[in-house]
Amino acid sequence: SQQGEEDPQALSIQEGENATMNCSYKTSINNLQWYRQNSGRGLVHLILIRSNEREKHSGRLRVTLDTSKKSSSLLITASRAADTASYFCATDAFTGGFKTIFGAGTRLFVKA
Amino acid sequence: GAGVSQSPSNKVTEKGKDVELRCDPISGHTALYWYRQSLGQGLEFLIYFQGNSAPDKSGLPSDRFSAERTGGSVSTLTIQRTQQEDSAVYLCASIWGSSYNEQFFGPGTRLTVL
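Residues numbered from 1 in each chain as written. Chains lettered and ligands numbered in written order. Predicted model: local features only at pLDDT ≥ 70, side-chain atom pairs only at ≥ 80, totals over all residues. Heavy atoms only, no water.

Topic: the state of the cysteines
Next up, step 1: Under the counting rule described, the total for this entry stands at two disulfides over all chains.
Next up, step 2: A sulfur-sulfur distance of 2.0 Å marks the disulfide that ties C23 of chain A to C89 of chain A. Between C23 of chain A and C89 of chain A the sulfur-sulfur dihedral comes to about 65 degrees; the bridge is accordingly right-handed. In this pair, C23 of chain A is assigned in strand β3 (residues 19–25) and C89 of chain A in strand β9 (residues 85–94), connecting sequence segments 66 residues apart.
Next up, step 3: In this structure C89 of chain A comes out as buried when scored by relative accessible area, which is 0%.
Next up, step 4: Sulfur-sulfur distance for the disulfide between C23 of chain B and C92 of chain B comes to 1.8 Å. The sign of the S-S torsion, about -55 degrees, decides the handedness of the disulfide formed by C23 of chain B and C92 of chain B: left-handed. Pair noted here: C23 of chain B is in strand β3 (residues 19–24) and C92 of chain B is in strand β8 (residues 88–95), with a separation of 69 residues, a long-range link. This pair shows no difference in class: C23 of chain B is buried, exactly as C92 of chain B is. (Disulfide = S-S within 2.5 Å. Helix = DSSP H or I, 4+ residues; strand = E, 2+ residues; numbered from the N terminus. Buried < 20%, exposed > 50% of the residue type's maximum accessible area, 1.4 Å probe, protein only.)

So far we have only geometry, and geometry alone does not tell us how the molecule works.
This is the structure in structure tokens:
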């Protein structure tokens, strides 16, 4: 089973609206990262939040982390058509050694 | 500076043939991951190299898959006797320092097994 699981699997909104994506995980973490992927190729790092942080901002991105609920959310404010992409959360898991595990992703479609 | 590069960008092969995929990480990055991504799916962890430590091979799906990292830099992922289910995009990422840090991804190699 996935260490990180995103919700919803797909999201369609109008340009200018806010988009919220959620990530749940199972084991204790050191940090949680969000990545973006366009067109099924390389991922781009968006933001990293450490386990002792509760909220972090970067431009139109806002990430929250609730370690008691083992969940995180990514909020994109004032969305643009160019935000259309897949978004993945990634957490560190100890599964025979520390490594980063990605969730299945949320596919966001922003309509112009 | 140069990012992570992967070659080839696309590879079409026949079932049963062997393929080699190459990853050139960012210079100085000590850790390197290989992932596999099927169409519309998430990233499936394959293997993780950290410095001179023994690699974590726990994600390799079968003994047809192997990877090496020469001189702590370039890595090759080899798939022997390819099967149609091996068709996917293979992504490489390098990291400075520990596995907890930001990963820098290459553009991937799209493998199609006919």
